[in-house]
Amino acid sequence: MAPARTEREVLLATRGLTKEFRGFQAVRGVDLDIERGTVQALVGPNGAGKTTLFNLLTGFLTPTSGTITLEGRDITGQQPEQIAHLGVARSFQITSLFDQLTALEHLELALASPTGLGRRFWQSERRLATFHGRADELLDQVGMAHPAHRPAGQFAYGQKRALELALALALDPKLLLLDEPTAGMGLEDVDRTIELVRRIATGRTVVLVDHNMHVVGSLADRVTVLQQGEILAEGTYDEVRTNPDVVTAYLGQPHA
Amino acid sequence: MTEQSAPTAQLEQTAEVAPARRSTVRWVLLAIGLVAAIALPWFVYPPVAMDIAAWALFAISVDLLLGYTGLLSFGHAAFWGSSAYVTGLIAIHVGVPFPVAILGGMLFAMLIAVPIGYLSVRRTGIYFAMVTLAFAQMIYFVANQWHSLTGGENGLQGIPRSFFGIEQVETDAFYFYYAAVGLILLGAWAAWRILHSPFGRVLVAIRDNPARARALGYDVERYKVVVFVLSAGLAGLAGGVFSISHGFASLQELAWTTSGKVVLPVLGGIGTLWGGPVGAALVVLLEDKLATIGFDGIGIITGSIFIVIVLLFRRGLWGTARTVLQGLADRRHRAPRD
Ligand SMILES: Nc1ncnc2c1ncn2[C@@H]1O[C@H](COP(=O)(O)OP(=O)(O)O)[C@@H](O)[C@H]1O
Ligand SMILES: [Mg+2]
């Protein structure tokens, strides 16, 4: 009824989402609403179930119970490749690249994915050169303007993280899930990545997992706190930060 | 963001082989390979030359799965052997020119590869190897039992070599080699085309990181089934040539020892395309030499050599040679930066 609600559109929603590993519930009854165009942070101590939640949302794990809907459509139990085609892309907490391929070859693959070009075993791989222009733009966007013609297995850590982001972006996703994009970075790189994610996030919907409260504070419109697989609190950064439950459970320690 | 802020700045630039020079190397190798294929029957007994060519293509077909997709099939005898039989049956009962019979055998191998591939690609590693072996053993069993069609333990005898009435090809192994090696080269070219296609790029991605490939939207299982069927087609093509060349198809072609020839590309070096032919030439020539001097323990000799090579050259013969040559070339000319 309230007119303000019309512009708030839920892109992705979960209801009672639960994942059990041999009797241990890593995610328990999570109800999550991700609004279109927002950056939502997912925080919580190690083992809270953040990565497991990402794996459920992207089809890498099948929920024990509960549902996932994307734009109102039930996508529970769909395969990772199907969910990718529906416009959900993710980066991985532990860098996950193709060791033998160069940065450009990675992006060509990602860009070719929706076109079906990858099925053509009878054509030259030069056909993939159609994506060079867009690939260069993406590399530029993540600060890899001059990629080495070397396999990614030989990249420096920072480069791998940057390529990880570019790959997720290449799919031009409706929903971008970033699992600890600043993991293992020095302070300077963290600030750079915040800037980068801010630019990427304009006009997109992003769910971001990060341990660094500085990152969360600067980027997130809303914050969800997860603890032992359950949602402990939800709200704006300031609301969550002052929530007594959260203070005792997680934010108790001072942070930078 | 400025260029300085890029993590790229930290990258140390080491030598790379300039793409232009690398492609020159490729053409030179291709020329050497072609000359070797053409000259072979002048230096070795033509039927042995034919065996080398057939096993070389079989090794390439295995490498397509093992070296480029990361799948170890231990049941490729199913495709080599069933094509050997079907090719023989078509040649005997239909009397078409032998390339047509081989095409039939190859298509049959691809046809049975669809369900076998579909049921086995869900497994990985040793489980994939076991499932493919199980299917191959099933087909061996069927061929053994179906005596009226396959000749059972006697094998399929008297496969003709009909070739448009050109008598030299039909009767002389030397000329037959040139007629048949064209099919083998066509198969090798197909493998090269597949590996250097957009599909081939996806295969490498799947080998390196299947989960990431899925996250990018690639249906990994489907790609594996397709490459499995393509690989079976190449193994079938090789098996068909083999059975026409020998004039018979025996249960040996379907036995697990034939599947064991997966060692051929490992000897030469997997993921190199040339490794398979190098390994095949080595093993076939060695077995032939040992057989002519009347040596009994062929398996012991080839087995020992296999172990020595695998221990000494982890990338196989060809793979190691290539790495050494590339290292030398890189030291001499550093690639210019662009
Ligand atoms: N595949 C799995 N099998 C068994 N337990 C798992 C698996 N994946 C995660 N877990 C467990 O689930 C819990 C949540 O893990 P995770 O989602 O990785 O946490 P976070 O990303 O928040 O640090 C941990 O206790 C972890 O050990
Ligand atoms: Mg995690």
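Please read these numbers as outputs of a predicted model, since none were measured by experiment. Starting from 1, residues in each chain are numbered consecutively following that chain's sequence as written. Chain letters and ligand numbers both follow the written order, the letters beginning at A and the numbers at 1. Where totals are concerned, whole chains, interfaces and linings use all residues; where local detail is concerned, this predicted model gives features only for residues with pLDDT of at least 70, and gives and counts side-chain atom pairs only at 80 or more. Excluding hydrogens and water, the side-chain values take into account all heavy atoms of the structure.

Q: Looking at this model, I keep getting lost on the domain arrangement of chain A. Mind explaining?
A: By a frequent convention, interface size equals the accessible area lost on bringing the separate parts together. All names here are of chain A. Note: domain ranges come from an automatic or database domain assignment. Its domain assignment divides chain A into domain 1 (7–87 + 173–251) and domain 2 (97–157). Distance from the C-alpha centre of domain 1 to the C-alpha centre of domain 2: 28 Å. Contacts: residue pairs with any heavy atoms within 4.5 Å of one another. On the domain 2 side, the residues contacting the five residues of domain 1 number five residues. Summed over both partners, buried area is the accessible surface (1.4 Å probe) that two parts give up on being assembled. Taken together, the two surfaces of domain 1 and domain 2 that pack against each other cover about 410 Å², and 53% of this comes from carbon and sulfur. Three residues stand out in domain 1 for area buried against domain 2, namely His 85, Leu 196 and Arg 199, and they jointly supply 60% of the buried area on that side. By definition here, a salt bridge exists when the distance from a side-chain nitrogen of Lys or Arg to a carboxyl oxygen of Asp or Glu is within 4 Å. Taken together, the links from domain 1 to domain 2 amount to zero salt bridges. In the analysis that follows, any N or O atom pair within 3.5 Å is treated as a polar contact, provided that within protein one partner can donate a hydrogen and the other can accept it, and provided that, for residues neighboring in sequence, both atoms belong to side chains. Between the two partners, domain 1 and domain 2, sit two residue pairs in polar contact (both at pLDDT 80 or more). Considered class by class, the residues forming the side of domain 1 that touches domain 2 number two nonpolar, two polar and one charged. Charged means Asp, Glu, Lys or Arg here, nonpolar means Ala, Val, Leu, Ile, Met, Phe, Trp, Tyr, Cys or Pro, and polar covers whatever is left, Gly included.

Q: Is there a simple way to think about helix α6 (residues 187–201) of chain A in this case?
A: Counting along an α-helix, one turn takes 3.6 residues, and residues three or four places apart therefore face a common direction. Residue and element names in this part refer to chain A. Comment: elements are numbered from the N terminus, with helices defined as DSSP H or I runs of at least four residues and strands as E runs of at least two. Multiply 1.5 Å by the residue count of a helix minus one, and that product is the helix's expected span. The terminal C-alpha atoms of α6, which comprises 15 residues, lie 21 Å apart, in line with the 21 Å expected from a rise of 1.5 Å per residue. All buried positions along α6 are accounted for by Asp 189, Val 190, Arg 192, Thr 193, Ile 194, Leu 196, Val 197, Ile 200 and Ala 201. Buried residues belonging to α6 abut β3 (39–43), α4 (132–141), α5 (157–170), β7 (175–179), β8 (205–209) and α7 (213–219). Gly 203 lies just past α6 and shows a positive phi near 75°. Three labels apply to residues, based on accessible area from a 1.4 Å probe with only protein chains included: buried if under 20% of the type maximum, exposed if over 50%, partly exposed otherwise in between.

Q: How should the packing of aromatic side chains be read in this particular structure?
A: Under the pairing criterion, centres of Phe, Tyr and Trp rings, with the six-membered ring standing for Trp, must be within 6.5 Å; the plane angle then separates stacked pairs below 30 degrees from edge-to-face pairs above 60, leaving the rest tilted. Under the criterion given, the structure shown has 17 aromatic pairs over all chains. Judged by centre distance (5.7 Å) and plane angle (70°), the rings of Phe121(A) and Phe199(B) are edge-to-face. In this pair, Phe121(A) is assigned in the loop between α3 (103–112) and α4 and Phe199(B) in helix α9 (residues 198–208), connecting two distinct chains. For Phe121(A), a relative accessible area of 26% gives the class partly exposed. On the basis of relative accessible area, Phe199(B) is assigned to the buried category, the value being 1%. Taken together, a centroid distance of 6.0 Å and an interplanar angle of 85° make the contact between Phe128(B) and Phe228(B) edge-to-face. Of this pair, Phe128(B) sits in helix α5 (residues 125–145) while Phe228(B) sits in helix α11 (residues 220–246); the two residues are 100 residues apart in sequence, bridging distant segments of the chain. The exposure class of Phe128(B) is buried, given its relative accessible area of 0%. Chaining the aromatic ring pairs together yields one cluster made of Phe121(A), Trp122(A), Phe199(B), Tyr218(B) and Tyr223(B). The positively charged end of Arg90(A) is found above the aromatic ring belonging to Phe92(A), 4.2 Å away from the centroid. The side chain of Arg122(B) reaches across the aromatic face of Tyr118(B), ending 4.8 Å from its centre. By definition here, charges over rings are those cases where NZ of Lys or CZ of Arg is within 6 Å of the ring centre and within 35 degrees of the ring normal.

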